[in-house]
Amino acid sequence: MLAAVHREILRTLAEAQASYAHPVSSERVAQALNLTPSYVREQVQVLRSMALVDVRRGRGGGYFLRNRRWPPAWRQCAGWA
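The model shown is predicted, which means the values in this text are computed figures rather than measured ones. (Residues numbered from 1 in each chain as written. Predicted model: local features only at pLDDT ≥ 70, side-chain atom pairs only at ≥ 80, totals over all residues. Heavy atoms only, no water.)

## Some words on the overall build of the chain
Check the secondary structure of the chain and you find four helices and two strands. Taking all 81 residues of the chain together, the buried fraction comes to 36%. Split by element, the accessible area of the chain, about 5,100 Å² in all, is 48% carbon and sulfur. (Helix = DSSP H or I, 4+ residues; strand = E, 2+ residues; numbered from the N terminus. Buried < 20%, exposed > 50% of the residue type's maximum accessible area, 1.4 Å probe, protein only. Areas by Shrake-Rupley, 256 points an atom, 1.4 Å probe, with all protein chains shown as cover.)

What follows is the structure, encoded as structure tokens:
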């Protein structure tokens, strides 16, 4: 089971409809969750290691959900099942 902060980051990215073409910055996620951008970046590394989130680097970069149609096991892990 993911920690609450991980579920909230995933929810924020889903609500923002983050995609490779329109990624969401760590600053925007941090503002939405009342966290610091550095803490968000730290926590996103866990989600990246689980292949739930990916990053687009460079100007205009940010985070996006890697696969919008997760298998049921991942949805349950994220607390969405």
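Text resumes after the structure shown.
## Structural notes on the nonpolar core
Core analysis: the biggest nonpolar cluster contains 19 residues, and Ile9, Leu10, Leu13, Val29, Leu47 and Val53 have the highest contact counts within it. Listed by contribution, the elements that provide at least two residues to this core are helix H1 (4-15), helix H2 (26-33), helix H3 (37-49), strand E1 (53-56) and strand E2 (62-65). The leading source of residues in this core is H1, at four residues. (Core = buried A, V, L, I, M, F, W, Y, C linked by side-chain atoms within 4.5 Å.)

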